[in-house]
Amino acid sequence: MGLLAPSALEAMIQKARKTGKNLQFAALPYRIRKGKPQILMVTSRGTQQWIIPKGWPMDGMKPHKAAAQEAWEEAGITGAIGKHSIGQFRYRKTRGPLRGQKIRVMVFALEVDKLAKHYPEAGQRRRKWMRPKKAAKHIRIPELAEILRNFDTKQLKKRARS
């Protein structure tokens with residue numbers, strides 16, 4: 001999937017609200033080491049599965065900013081987040097009041113500047129840097145695994161300029 005412009009994303013959000021669909025926003029945190037990307041994976045609080053930071057829309061906050069806020073809370077990271085969604089995936093909730101419901105998640109690339117020692121969910125999650133293909137192997141959601149496997153910062157920067 002190509003980059004999704006903020007205006008197209010806003011239309012998707014409005015449609016989701018009208019139809020009662022559940023929508024979340026995720027950050028795909030990355031850095032470049034020795035010329036190659038690494039992705040910061042975090043564990044979920046309940047099942048301890050490897051995931052990327054994600055969460056629900058926040059009142060008055062644009063989708064990419066909400067994704068960045070989740071990245072701070074769940075992984076203790078800050079950085080530059082893109083305004084365009086780089087992909088989407090769906091998953092079925094396994095816990096909580098929405099258990100069994102399908103959730104659509106819009107993903108935004110976040111180039112990590114800082115990794116904090118102390119952050120809101122520090123004692124509840126683990127975090128680990130992984131190469132995209134290795135990260136994809138830890139993911140049980142096929143659409144998310146594909147986003148990770150195909151993550152290419154060169155393409156990301158090229159698309160952002162056009």
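That block above? That's the structure.
Scoring rules and cut-offs
Residues numbered from 1 in each chain as written. Predicted model: local features only at pLDDT ≥ 70, side-chain atom pairs only at ≥ 80, totals over all residues. Heavy atoms only, no water. Helix = DSSP H or I, 4+ residues; strand = E, 2+ residues; numbered from the N terminus. Buried < 20%, exposed > 50% of the residue type's maximum accessible area, 1.4 Å probe, protein only. Contact = heavy atoms within 4.5 Å. Salt bridge = Lys/Arg side-chain N within 4 Å of Asp/Glu carboxyl O. Pairing = 2+ DSSP bridges. Lys, Arg positive; Asp, Glu negative; His and termini not counted. Polar contact = N/O pair within 3.5 Å; in protein donor to acceptor, adjacent residues only side chain to side chain.

J.: What's the story with the environment of arginine 92 in this structure? I'm lost.
T.: Note that arginine 92 resides in strand β6 (residues 87–92). Residue arginine 92 is classed as partly exposed on the basis of its relative accessible area, which comes to 47%. It is 6.0 Å that separates the C-alpha atoms of arginine 92 and isoleucine 103, two residues lying 11 residues apart in sequence. Other than its neighbours up to four places away in sequence, arginine 92 contacts Gly100, Gln101 and Lys102.

J.: When you look at the pattern of salt bridges in this model, what are you seeing that I'm missing?
T.: Pairing is possible between side chains of opposite charge, provided their charged atoms come close. Scanning the entire structure with this criterion turns up four salt bridges. Between arginine 45 and glutamate 121 there is a salt bridge; the shortest N-O distance is 3.9 Å. Taken together, the residues span a long stretch of sequence, with arginine 45 in the loop between β2 (36–43) and β3 (50–51) and glutamate 121 in the loop between β7 (102–115) and β8 (127–130) at a distance of 76 residues. Given a relative accessible area of 10%, glutamate 121 falls into the buried group. Notably, a salt bridge pairs glutamate 143 with arginine 90, separated by 3.4 Å at the nearest N-O pair. In this pair, glutamate 143 is assigned in helix α4 (residues 142–149) and arginine 90 in strand β6, connecting sequence segments 53 residues apart. Residue arginine 90 is classed as partly exposed on the basis of its relative accessible area of 33%. Salt bridges linked by common partners bring Arg45, Glu74, Glu121 and Arg125 together as one network.

J.: Please clarify how the pairing of strand β1 (residues 22–33) should be interpreted in this entry.
T.: Across the 12 residues of β1, nine count as buried, placing the element largely inside the fold. In terms of strand pairing, β1 meets β7 through nine bridges, oriented parallel. Across the sheet, leucine 28 pairs through a bridge with alanine 109, a residue of β7. Here β1 runs beside strand β4 (residues 54–55); their pairing, made up of two bridges, is antiparallel. Its bridge partner lying in β4, phenylalanine 25 is registered against glycine 55.

J.: Any chance you could explain the side chain of lysine 54 here in plain terms?
T.: Take lysine 54: it is sitting in strand β4. Although lysine 54 is buried, it forms no salt bridge, and the closest oppositely charged side chain is glutamate 74 at an N-O distance of 6.3 Å. Dropping the residues within four chain positions of it, lysine 54 is found in contact with Gln24, Phe25, Ala26, Glu70, Glu74, Phe89, Tyr91 and Val105.

J.: Explain the side chain of glutamine 88 to me, please; I cannot follow it from the model alone.
T.: Mapped onto the secondary structure, glutamine 88 falls in strand β6. Residue classification places glutamine 88 among the buried residues on the basis of a relative accessible area of 17%. Within the local environment of glutamine 88, its side chain forms a polar contact with the side chain of arginine 104, the two groups lying 3.0 Å apart.

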